[in-house]
Each structure stands twice: as C-alpha cells, then as structure tokens.
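Residues per chain, in single letters:
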Amino acid sequence: MDGAFLIYNPITGETSAWVEINRKPGKRNHLAFGFDPQSDEHKVIWISGSVEYHFRESILERPKDQVVEVFTVGKNTWRRIDATPPISITYEDSFYVDGCLYWRFRETEHGELEQIMRFDIVTEKFRVIPIPGFVIHTKEYKWSQTVDLTEIDGRIAVLTQTSLWTFHEEVDGDIRWTEEKINIPCDWNGKPELSIEALTGTNLILLRTEWSDSIFYFNRNTKESIRFPISPDCSSWDWDRIGQV
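Small disclaimer: the values here were computed from a predicted structure and weren't measured.

Counting 16 residues, the largest nonpolar core has Ile45, Leu101, Trp103, Met117, Phe119 and Phe126 as the members making the most contacts within it. Counting residues per element, the ones that place at least two in this core are strand S4 (41–49), strand S5 (67–72), strand S8 (100–105) and strand S9 (115–120). By residue number, the principal contributor to this core is S8, which donates 3 residues. Leave out the neighbours within four places in its chain, and phenylalanine 126 touches Val68, Ala83, Thr84, Pro85, Pro86, Trp103, Met117, Arg118 and Phe119. Membership of the second largest hydrophobic core comes to 14 residues, among which are Ile116, Ile131, Trp165 and Trp177.

Right under this line is the structure:
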C-alpha cells in the first residue's frame, strides 16, 4: 500500500493495521522508528521537506523547511511538533540507539566536518554533533567507508579503517570521543553493503560484506579475528585467523 506503513513484531508475530501517511506531493519524505523508554511507547517519526538540494552543496546550507510529525503507537494519532531538523535529511538513513535516532551526514566538496544529527525521542529535540577531524580524516578517508553508523555497548559508533569511535555526552553537554582499535580485512574498506554488529553480552563483533561468503568475528578482548565460512569462500582470503597488528 502506497502512502502507508504497518508495524510488525518479529518476536510475537503481531502486525498492526495499516497507518496512512500524510505524503505531500513534491516533497522529500523520510520515515523513522524508535522507542521512548520514559513513556514505554513506540513512535514513528515522519519528516518531509524540500527536494531542492544538490549533493555538492554544503551540509549546513541545505533548505531548512522540513516538518516533523510524530505517530505514537497505541494512540494512533499524528501530531506535528515544533522541533525541526537543524540539517535537512535527504538520502541519509536513521539509526536507533537507546531512545535516540541518529543520522550521519558525509562531507561535501566544501571540506566541512562530517556531522551526526540526533533526535531524542523522549524530549523530541534535535542536536547536531560534529565528528572531529581526529575521528574522520576527511581528505584521507572521505567516502572510503560504507558503514554510516553502528551500535557498540549501547552507544552510537562511527567506523573508520582501523577503529570504532563512540561518543559520550557529559552532564554539561560536552561530547567525549573514545577510540577502540579493531581489525578489518584490509580489502574490505569501501566495499558496498559492509555490515558490522556487536553481539550483546559478549566481546564479539561480526563483520560481513556482500562480496564475501564468510563472516568475521572480531574478539575485542584478544584483538583477534576469526573467519567463519558460510559457504565455499570465493574471496581472495586464504587464512582462517589473523592477529591484531
């Protein structure tokens, strides 16, 4: 059904009724889903705005005319909120972690810092968090990493060629970044459909790309990677174990 969505619970198998979206013709539309831990409610975030944007333009100069509506599951009503995205969302995907939605905005030809935008589902407020130059070296890495954001230990994380960077917000609002060295197969950098997942309750990180028939388990304690073939491996790797360099 066009212009509508439903919510599916993969654990119980329950499915909601179709919910209509106020799709605005000629507008760029974005849908996101998250959980409000304070009210114990799931919320759908609908953002719509101008399509007049070119990928070469500065991130911070995108049109700021986007409108945000919130649908609370169970109440089944839409309401418009006052908060608007400080950076307009175009093709960026949302990532949910611990009561917040995150979007990552890549650098443009203007050489500006990459940005993370956060939407707090509890307070329904936005905040922009610049990614420091010591995390992402824009001239060196640029678009080389295909993973936008992931989750590590309940925190949002940025993946680089050799590290996972997480940030923590202090009481005074300052952002503190922490680096963790990891071991990624060197020829995976820049590969499409690279996925990385941390196994909750363990020290293992799973990495896989569409170009390989194997999954790599990275042990955060021993700094060792183990290859687990899913099917006969067609990649160029001829080893089963590598150590952290």
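Applying the stated rule across the entire model yields 8 aromatic pairs. Each ring, one from phenylalanine 5 and one from phenylalanine 71, has its centre 5.8 Å from the other, and the planes form 90 degrees; the classification is edge-to-face. Residue phenylalanine 5 is located in strand S1 (residues 4–5), and its partner phenylalanine 71 is located in strand S5; the two are separated by 66 residues in the primary sequence. Residues phenylalanine 5 and phenylalanine 71 agree in their burial class; the two are buried. Ring geometry for phenylalanine 5 against tryptophan 78: centres 6.2 Å apart, planes inclined by 85 degrees, an arrangement best described as edge-to-face. With phenylalanine 5 in strand S1 and tryptophan 78 in strand S6 (residues 78–80), this pair connects stretches of sequence that are 73 residues apart. Note on phenylalanine 5: relative accessible area 8%, which makes it buried. The class of tryptophan 78 is partly exposed, set by a relative accessible area of 26%. An aromatic cluster is present here, built from Phe5, Phe71 and Trp78 joined pairwise through their rings.

Here is what the cut-offs are and how they apply
- Residues numbered from 1 in each chain as written.
- Predicted model: local features only at pLDDT ≥ 70, side-chain atom pairs only at ≥ 80, totals over all residues.
- Heavy atoms only, no water.
- Core = buried A, V, L, I, M, F, W, Y, C linked by side-chain atoms within 4.5 Å.
- Buried < 20%, exposed > 50% of the residue type's maximum accessible area, 1.4 Å probe, protein only.
- Helix = DSSP H or I, 4+ residues; strand = E, 2+ residues; numbered from the N terminus.
- Contact = heavy atoms within 4.5 Å.
- Phe/Tyr/Trp six-rings, centres within 6.5 Å; stacked < 30°, edge-to-face > 60°.

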